[in-house]
Amino acid sequence: MIDRRLLFLACLIASPVWSPLWSADSWPQFRGPAGDGIVLDQTVPIVFGEHDHVTWKTDIPGRAWSSPIVADGLIWMTTAVENVPSEEERLAMLAESGIEQKKMKQLAIAKTLQLKLVAVDLEMGKIERSLDLATVDKPDAIHALNSYASPTPVADGSRVYCHFGTYGTFCVDAKRGDVIWQRKLPLEHGVGPGSSPMLHGDLLVLIQDGMDRQYVTALDKNSGATVWERDRPPMDAPSGDMMKSYCTPIAVTDAAGREQLICMGAQWIVAYSPKTGDEVWRLRHGTGFSVVPRPVHQDGVVYFCTGFGKPELWAIGIDGSGDVTDSHMRWTVSAGIPAKPSPVLHDGLIYVVSDNGVASCFDVADGEQVWKERLGGDFSASPVLVGEHMYFGSQDGDVTVMTLGRDAKVVGVNHLDGQIMASPAIIDGAMIWRTDSALYRIEQ
């Protein structure tokens, strides 16, 4: 175990996006230590279920799609406890908000919200803390598929940073449970918050792509003060609805040694300098909007999905400057691409699962499709690669397990009660799955 962890740490230190918040015993952010959903040195069950290989199951209050993170033996997650209106009240509240009747069916709204941060003991599954962060009166409407606590928190060892979009950003002392600082960055999300925060050095980076304004900001993680703020490139869209987005940034370093924060958004993907917020390069990807999947990067190429409209998968080089729209696109794929789940990149192949349950694999060299497999169901959670298998969690609570490579096949379909919208955490040979009502530890 010691040798494995030393090797793991050595690999992280050698990585161009290394950060002190990553350790062998943590899953500190959305999609894990490197933000890519990959764990190569662990083994977890292929076959499991509601009463099979479940070490513990803990009910979690509220409704939230934020993914669990793990730091110092605690699993942290945000949640929103809603005061839910009756159907008659819901329709009246939406009408009062100026929502068109034809859009009401797809929207949800709460009378009030209690925003919380919950800590669960990793070994025993006991809720150790339930911290009240804010009470929100008359929150905005959200999409019925979204929640008021969808952004995943991020931890740096001593603190946990929670972001609820327009409803507040909080820095919490992990040991005492005190709120060290909080900020409110008002934004019209349209269908609710979604972008997860990212730590880079002493910066807490937030993508703030709303209907009313689209920008990226970096806060001082110690004080919450704004370090820099940059508006997105100009967009041509008939309404703010097609300018909004919900993506999470990634940090890379190119071959020339330039650090970049790559922030995907509607119509544009942009790389910013972490220190100054100055734009490094930008590329227009079309008219895609409401982007959710987090990009992935390898060997100087970033791979990203273009969001709603007609989702596409793009591969572009990161070594340019200025507007690289006409020069740095490598290839695109337009069939079977997700609008919500993030891709997984490994060993020359990129794996995706579309929102309607079709898994596909593409060659990173040219975007050629290697295989596709219909899994069935609807998908929002991002898949994870653990050891020699891929795990895909559906909104129906089914987890499909596939082997890797060009001859991949389904080797297991498992079921957990409830709805899976959150991506799992992998820690110490265990999977931490969150459904709409409970948290599971699953292991051999």
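Residues numbered from 1 in each chain as written. Predicted model: local features only at pLDDT ≥ 70, side-chain atom pairs only at ≥ 80, totals over all residues. Heavy atoms only, no water.

**Q** I'm lost on the packing of aromatic side chains in this one. Help?
**A** The relation between two aromatic rings is expressed through the spacing of the ring centres and the mutual angle of the planes. In this structure the tally under the stated criterion is 7 aromatic pairs. Aromatic pair phenylalanine 304 and tryptophan 314: ring centres 6.0 Å apart, planes at 25°, arrangement stacked. Separated by 10 residues along the polypeptide, phenylalanine 304 in strand β22 (residues 301-305) and tryptophan 314 in strand β23 (residues 313-317) bring together distant segments of the chain. A relative accessible area of 0% means that phenylalanine 304 is categorised as buried. Judged by relative accessible area, tryptophan 314 falls into the buried class, the value being 10%. (Phe/Tyr/Trp six-rings, centres within 6.5 Å; stacked < 30°, edge-to-face > 60°. Helix = DSSP H or I, 4+ residues; strand = E, 2+ residues; numbered from the N terminus. Buried < 20%, exposed > 50% of the residue type's maximum accessible area, 1.4 Å probe, protein only.)

**Q** Teacher, can you tell me more about the nonpolar core here?
**A** General note: in soluble globular proteins, nonpolar side chains tend to be found buried as a group. Judged by nonpolar contacts, the single largest core of 34 residues is most densely connected at Ile262, Ile269, Trp281, Leu283, Val302, Phe304 and Ile316. When contributions to this core are tallied by element, the ones reaching two or more residues are β14 (203-209), β15 (214-220), β17 (250-253), β18 (259-264), β19 (268-272), β20 (279-284), β22 and β23. Ranked by residues supplied to this core, first place goes to β19 with 5 residues. Residues contacting isoleucine 316, with those up to four places away along its chain left out, are Ile269, Trp281, Leu283, Gly300, Val301, Val302, Phe304, His328, Met329 and Arg330. Membership of the second largest hydrophobic core comes to 32 residues, among which are Ala64, Val136, Ala149 and Ala174. (Core = buried A, V, L, I, M, F, W, Y, C linked by side-chain atoms within 4.5 Å. Contact = heavy atoms within 4.5 Å.)

**Q** Looking at this structure, how should I read the pairing of strand β29 (residues 369-374)?
**A** Taken residue by residue, a regular strand's side chains alternate between the two faces of the sheet. Two elements, strand β28 (residues 358-363) and β29, share 5 bridges in a ladder whose sense is antiparallel. For serine 360, the partnering residue across the bridge sits in β29 and is lysine 372. In sequence, β28 turns back onto β29 through a hairpin of 5 residues, with glycine 367 there showing a positive phi of about 80°. (Pairing = 2+ DSSP bridges.)

**Q** What am I meant to see in helix α2 (residues 87-96) here?
**A** Every α-helix carries 3.6 residues per turn, so stepping three or four residues along brings you back to the same face. By the burial criterion, the buried members of α2 are Arg90, Met93 and Leu94. Down the axis of α2, the sector holding all buried residues measures 100°, keeping them to one side. Those residues of α2 that are exposed and aimed more than 90 degrees away from the buried face are Glu88 and Glu96. In this fold, the buried residues of α2 make contact with β5 (107-108). Following α2 by one or two positions, glycine 98 adopts a phi angle in the positive range, close to 85°. (Arc of directions from axis to C-beta.)

**Q** Even after reading the chapter, I still don't get unusual backbone geometry, so can you show me in this structure?
**A** With the exception of glycine, most residues fall at negative phi, and the peptide bonds are largely trans. Even without being a glycine, aspartate 72 presents a positive backbone phi close to 55°. Within the secondary structure, aspartate 72 is located in the loop between β3 (69-71) and β4 (74-83). When its relative accessible area of 60% is taken as the criterion, aspartate 72 is described as exposed.

Without other data, these values stay purely geometric and don't point to any function.
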